Amino acid sequence: KLIEKCNQDVNMAYHIKNALSPDLEFMRTSLLSSSLVKAQENIQRNINTFCIYEFNIAHQKGDLDKFGVPREQWNMSLLFSTKENIIDGNPYYQVKRYLEKVLNGINVEDVKYKLLSNSSERDLPLWILNLIPLFNDRGSALIIYRDTVIGILGDFKKGIKDGFKLPVYSAGLEINLE
């Protein structure tokens, strides 16, 4: 249900035949899906402004390593949300500030951004294609490092915000750390 609520393709998720519960029968295809659930819980607890992040592994069917085994690459997700009117502009810029702070801290330079609305969906990694349905294409961008798309950041689609009961000023990112 969570995969569908995130507008992601359930056919990209590995099915676990002996899952402990029906909620755990599919492996998650992105970290942001879990972050959205935690964000909704924070909103329900009247936490008005927060930023959450996760470092972990997600899996997509068809993304295999040279041995034919599902690729396990470390990703990072981050979600910022506020009900308060503390920052002007699109939430994209707040999430971008967090990302740039992390990248500067580990001396990663020359990161570029390409608006999702100006991007062709051809030649994008499978995991990025799976994340695109979460994002508003006019308020989101691909994150590019050394001519390689390493992630996506930006404003969530209205349907995602409504589905998880998030305030208008909510945005996120997911990057591949490999």
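A short tour of the structure in this document, coming up. (Residues numbered from 1 in each chain as written. Predicted model: local features only at pLDDT ≥ 70, side-chain atom pairs only at ≥ 80, totals over all residues. Heavy atoms only, no water.)

Notes on the layout of surface pockets
Phase 1: Taken as a whole, the second largest pocket spans an internal volume of roughly 250 Å³.
Phase 2: Forming the walls of the second largest pocket are 13 residues, and the residues nearest its centre are Leu103, Ile150, Ile175, Asn176 and Leu177.
Phase 3: Of all elements in the fold, only α3 (91-105), β5 (148-156) and β6 (169-176) reach the threshold of two or more residues within the lining of the second largest pocket.
Phase 4: Residues belonging to the lining of the second largest pocket are distributed by class as follows: 10 nonpolar, two polar and one charged. (1 Å grid on protein atoms, 1.4 Å probe; cavity = no way out; pocket = protein on both sides within 12 Å on 5 of 7 lines; lining within 4 Å. Points joined across faces, edges and corners; volume = space filled by probe spheres on them. Helix = DSSP H or I, 4+ residues; strand = E, 2+ residues; numbered from the N terminus. Nonpolar A, V, L, I, M, F, W, Y, C, P; charged D, E, K, R; others polar.)

Quick look at the pattern of salt bridges
Phase 1: In the structure shown here, the tally under the stated rule is four salt bridges.
Phase 2: Lys96 serves as the salt-bridge partner of Glu100, at 4.0 Å between the closest nitrogen and oxygen. Placement of the pair is Glu100 and Lys96 together in helix α3, with a separation of four residues, close to one helical turn.
Phase 3: Judged by its relative accessible area of 30%, Glu100 is partly exposed.
Phase 4: For Asp155, the salt bridge identified is with Lys161, shortest N-O distance 2.5 Å.
Phase 5: Judged by relative accessible area, which is 8%, Lys161 ranks as buried. (Salt bridge = Lys/Arg side-chain N within 4 Å of Asp/Glu carboxyl O. Buried < 20%, exposed > 50% of the residue type's maximum accessible area, 1.4 Å probe, protein only.)

Observations concerning the side chain of Glu54
Phase 1: Along the chain, Glu54 turns up in strand β1 (residues 49-57).
Phase 2: Within the local environment of Glu54, its side chain forms a polar contact with the side chain of Asn56, the two groups lying 3.2 Å apart.
Phase 3: Those residues in contact with Glu54, other than ones at most four positions away along the chain, are Arg28, Leu31, Ser34, Asn75, Met76 and Ser77. (Polar contact = N/O pair within 3.5 Å; in protein donor to acceptor, adjacent residues only side chain to side chain. Contact = heavy atoms within 4.5 Å.)

Brief notes about unusual backbone geometry
Residues apart from glycine generally show negative phi values, whereas peptide bonds are mostly found in trans.
Phase 1: Unusually for a residue other than glycine, Asn46 sits at a positive phi of about 60°.
Phase 2: With respect to the secondary-structure elements, Asn46 resides in the loop between α2 (32-44) and β1.
Phase 3: One non-glycine residue, Asn107, adopts positive backbone phi at about 60°.
Phase 4: Residue position: Asn107 is located in the loop between α3 and β3 (111-115).

By themselves, these are just geometric observations and shouldn't be taken as functional.
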